[in-house]
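What follows is each chain in one-letter form.
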Amino acid sequence: MAEQRFLTNSVSWAGPATREAEPIAKGEPAARGGQKIERSISEPSSLKIATSSVAGEGQASRRRGLEKPPKDIAVYRTFRRLCDRILDELGKFGPFFAGDQVSDEGVEVVAEIEALLEELYTCPHGQGEFLKRVVVAVQSQVNNADWDRRHVTFLREIIRFLRVRYLLDEGTVDACYDLMKEQGLDRFRGTIGEPRAVKRYRLEEVDENDKSRETND
Amino acid sequence: MTNQEKQMTETSTAPVTAPPRRALLDTTVQLDRRKTASRQKKIESLLKEFDWKFSTGISLLEFKATVIQECLTIHNQLRRSGARFTRVRDALLEKKGQQISLRAHIFNNVLQVFAGSFDITEEKDHLLAEKARLLLENIIPRLYDWFAKESVDTVLNARLDCDRAKEPPRKKTAAFEVNIPECKRGKNKFCHVEEVIREEGPRLLKSLEPHVAASEQLQRAAEVFQSVFTNPKADLSHSNCRNAGDCLITLEAKGKATHALSSNAKEWKPLSDALGFEFVHITYPEEKTA
């Protein structure tokens, strides 16, 4: 349905774009069905069609589109789905607070969110490494931490902010750090700031020939 | 003196109230505010007793040359093609250097956040390296911004006007620009360091005379000052200024701060006495007994 709406709009549309129907990265010209659609970064909601469309070409384009949706739509859907799943999990924290801290029973939700964040890290949505930078920033706060209301609020706010972003840039990373600051979290946790960790890790050199390790496995 | 500094140094003309307490923070105090939660808590609790808190341009220069530089060094190694976290960590911790413990601190903190109980495969090692690099990329400019814009009420720099302190770290396509370029008068250096040393240095060195023999840092500072006294064309670079860092920091705050806070009593107590600050020695005795 979304693909049909998009493909129809790519021929005749001259109004504001909905984010779900925009497969083209802004600032880049794209060709579709013989038309060159140009868009500037400073005009997020307008669309100029540089060449006139031909009905036959448009129909052929729609047929091709139905068979194989552009990669960016699929990626964006994956991205949205992951964000929505994280928000769903965050909604389960209600009964899992002991005071301001997340209780032991809530660790199940914590583990699920940590796994979803790992999936989000590998999602190729957006240009460059901006999504990865946002995810590691989030992980620097929530990984190996005793979660409390601040972490849950921070996650909810950043994921809500992120899920409707089509264009990810330095501003997105800035917003993430601003939200950390608002919640009183240590922005430098995991680098200069020593994390208060649930479990302490260290690197240990392991002898590959150590037979006792095989027994324990 | 800037308007803000004037405002802060004027005492109240209202009915008798205590004059404002204005704290000058040493560079290590600034670093401690971010390093561990316990030190941060102790320092922030102490700072509540002061009406104003300052740092200085030279202190920001020192912060760039230590904390930010270590982050940059690690980042540069991690962004190399095929970088592996464990190998970069081993290579950088095997080198000798003044900031080696800070470097280890950063690597260990990254491990606490991104590691887990697993055997590190090549793939996981690459992933750790990538995440560490991206996180450092995020925080390097933010560390500078925190120091320069958030950490204190003002970074005093009107007297010395250090140019290197005013330059935030900038990222090019992959790497950050050179953190602290050499200072060249007329090209990238327009500061007043030599002028301040000639004006204030002789009196300060005279006050510090009884303490110089016992302190390598004060000896280095005295050498820098002497090189300026004896050479009318002396042209110091940032490394020279860092050698005289404590003296220059306190000179910048002379007449503005009422108290000086440092964990380094050996140099800062005599400097405070010489320049009219009340010295507040910051210690962490609970860490020694733990």
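Calculation rules
- Residues numbered from 1 in each chain as written.
- Chains lettered and ligands numbered in written order.
- Predicted model: local features only at pLDDT ≥ 70, side-chain atom pairs only at ≥ 80, totals over all residues.
- Helix = DSSP H or I, 4+ residues; strand = E, 2+ residues; numbered from the N terminus.
- Contact = placed C-beta atoms within 7 Å.
- Rg over C-alpha atoms; globule rule 2.2 N^0.38 Å.
- Buried ≥ 20, exposed ≤ 12 C-beta atoms within 10 Å, placed from the backbone.
- Nonpolar A, V, L, I, M, F, W, Y, C, P; charged D, E, K, R; others polar.
- Axes fitted to C-alpha atoms, helices over the stretch in contact; angles between N-to-C directions.
- Parallel < 35°, antiparallel > 145°, perpendicular 65-115°, else oblique.
- Core = buried A, V, L, I, M, F, W, Y, C linked by C-beta atoms within 7 Å.
- Pairing = 2+ DSSP bridges.
- Right-handed = clockwise from strand over helix to strand, strands pointing away.
- Expected span 1.5 Å × (residues − 1).
- Arc of directions from axis to C-beta.
- pLDDT = per-residue confidence, 0-100.
- Bend = angle between axes of the 7 residues up to and from the residue.

### Concerning the overall build of chain A
Phase 1 of the analysis: If you tally the helices and strands in chain A, you get 8 helices and 5 strands.
Phase 2 of the analysis: Ordered by position from the N terminus, the helices and strands of chain A form the series α-β-β-β-α-α-β-β-α-α-α-α-α.
Phase 3 of the analysis: Long-range contacts, defined here as pairs at least 24 residues apart, represent 60% of the contacts in chain A between residues at least 6 apart.

### Some thoughts on the overall build of chain B
Phase 1 of the analysis: When helices and strands are tallied, chain B shows 13 helices and 5 strands.
Phase 2 of the analysis: Taking 19 Å as the expected radius of gyration for a compact globule of 290 residues, we find that chain B reaches 21 Å, a close match to that expectation.
Phase 3 of the analysis: For the C-alpha atoms alone, the extent of chain B along its principal axes is close to 65 × 45 × 40 Å.
Phase 4 of the analysis: The buried share among the 290 residues of chain B stands at 39%.

### Concerning the environment of Phe154(A)
Residue and element names in this part refer to chain A.
Phase 1 of the analysis: Among the structural elements, Phe-154 can be located in helix α6 (residues 149-163).
Phase 2 of the analysis: Since 22 C-beta atoms lie within 10 Å of it, Phe-154 is described here as buried.
Phase 3 of the analysis: Taking the C-alpha atoms as reference, Phe-154 lies 8.7 Å from Cys-176; in sequence the two are 22 residues apart.

### A closer look at the environment of Phe50(B)
Phase 1 of the analysis: You can see Phe50(B) is positioned in the loop between α3 (37-47) and β2 (52-56).
Phase 2 of the analysis: If near-sequence neighbours (up to four positions away) are discounted, Phe50(B) is found in contact with Arg21(B), Arg22(B), Ala23(B) and His259(B).

### As for the interface of chain B and chain A
Phase 1 of the analysis: Contacts between the two partners involve 25 residues from chain B, matched on the other side by 27 residues from chain A.
Phase 2 of the analysis: Only α2 (27-35), α4 (57-78), α6 (100-114) and α7 (122-150) of chain B provide two or more residues apiece to the side of chain B that touches chain A.
Phase 3 of the analysis: Looking at the side of chain B that touches chain A element by element, the count peaks at 9 residues for α7(B).
Phase 4 of the analysis: Its residues placed into classes, the side of chain B that touches chain A shows 14 nonpolar, 5 polar and 6 charged.

### Topic: the packing of α2(B) against α3(B)
Between two packed helices, what matters for the description is the angle formed by their axes and the separation of those axes.
Residue and element names in this part refer to chain B.
Phase 1 of the analysis: At a minimum axis separation of 6 Å, α2 and α3 run at an interaxial angle of 125°. Our classification of the angle between α2 and α3 gives oblique. Within the contact between the two elements, α2 uses Val-29, Asp-32, Arg-33, Arg-34 and Lys-35 and α3 uses Arg-39, Gln-40 and Ile-43.
Phase 2 of the analysis: Tallied by class, the residues present in the contact of α2 with α3 amount to 2 nonpolar, 1 polar and 5 charged.

### Focus: the packing of helix α5 (residues 85-94) of chain B against α7(B)
Residues and elements named next belong to chain B.
Phase 1 of the analysis: Orientation of α5 relative to α7, taken along the N-to-C sense of each, is 65°, at an axis distance of 7 Å. Taken together, the axis directions place α5 and α7 in an arrangement best described as roughly perpendicular. Across the interface between the two elements, Phe-85, Thr-86 and Val-88 of α5 pack against Asp-125, Leu-128, Ala-129 and Ala-132 of α7.
Phase 2 of the analysis: Taken together, the residues that form the contact of α5 with α7 break down as 5 nonpolar, 1 polar and 1 charged.

### Points about the nonpolar core
All names here are of chain B.
Phase 1 of the analysis: In this structure, Leu-24, Phe-54, Cys-71, Ala-132 and Leu-143 are the most contacted members of the largest nonpolar core, which totals 100 residues.
Phase 2 of the analysis: With 12 residues, α7 is the single largest residue contributor to this core.
Phase 3 of the analysis: When neighbours within four sequence positions are excluded, Leu-24 is seen to be in contact with Phe-54, Ala-253, Ala-257, His-259, Ala-260, Leu-261 and Phe-277.

### Describing the sheet that holds β2(B)
Residues and elements named next belong to chain B.
Phase 1 of the analysis: Reading across the sheet, the 5 strands line up as β3-β2-β1-β4-β5 and stay open at both edges, with parallel pairing between neighbours. Here the strands that pair on one side only, and so sit at the sheet edges, are β3 (154-156) and β5 (278-281). For this sheet the average axis-to-axis angle between neighbouring strands, irrespective of direction, equals 35°.
Phase 2 of the analysis: Where β2 and β3 come together, 3 bridges link them in parallel fashion. What sits directly across from Ser-55, in β3, is Val-155.

### A short note on the pairing of β5(B)
Residues and elements named next belong to chain B.
Phase 1 of the analysis: The sheet contact formed by strand β4 (residues 259-262) and β5 spans 4 bridges and is parallel. Looking across to β5, one finds that Ala-260 is bridged to Phe-279.
Phase 2 of the analysis: Since β4 and β5 lie parallel, the crossover through helix α12 (residues 265-275) that links them has a hand, and here it is right-handed.

### Overview of α6(A)
All names here are of chain A.
Phase 1 of the analysis: Over its 15 residues, α6 runs 21 Å from end to end, which matches the ideal 21 Å to within 8%, given 1.5 Å per residue.
Phase 2 of the analysis: Within the span of α6, buried status applies to His-151, Val-152, Phe-154, Leu-155, Ile-158, Ile-159 and Leu-162. Down the axis of α6, the smallest arc covering the buried residues is 160°, so these residues share one side.

### Focus on the confidence of the model for chain A
Phase 1 of the analysis: When pLDDT is averaged across chain A, the result is 74; 61% of the residues are at 70 or more.
Phase 2 of the analysis: Predicted confidence is poor over residues 1-55 of chain A, with pLDDT under 50, and the contacts of this stretch with residues over four places away or in other chains come to 62 contacts.

### Description of the pairing of β4(B)
Phase 1 of the analysis: As paired strands, strand β1 (residues 22-25) of chain B and β4(B) are joined by 3 bridges and run parallel to one another. Paired with Leu25(B) across the bridge in β4(B) is Leu261(B).

### A word on unusual backbone geometry
Phase 1 of the analysis: Unlike most non-glycine residues, Asn144(A) shows phi in positive territory, near 55°.
Phase 2 of the analysis: Structurally, Asn144(A) is set in the loop between α5 (130-142) and α6.
Phase 3 of the analysis: For Asn144(A), a count of 22 C-beta atoms within 10 Å translates into the label buried.
Phase 4 of the analysis: At Asp161(B), a position not held by glycine, the phi torsion is positive, near 55°.
Phase 5 of the analysis: Residue placement: Asp161(B) occurs in the loop between β3 and α8 (193-212).
Phase 6 of the analysis: Overall, the presence of 17 C-beta atoms within 10 Å leaves Asp161(B) in the partly exposed class.

### Observations regarding α4(B)
It helps to recall that an α-helix has 3.6 residues per turn; residues three or four apart then point in one direction.
Residue and element names in this part refer to chain B.
Phase 1 of the analysis: With 22 residues, α4 should cover 32 Å at 1.5 Å per step; its first-to-last C-alpha distance of 30 Å lies within 8% of that length.
Phase 2 of the analysis: At Gln-69, α4 is deflected by roughly 40°, the largest bend along its length.
Phase 3 of the analysis: Here α4 lies mainly inside the structure; 16 of its 22 residues are buried.

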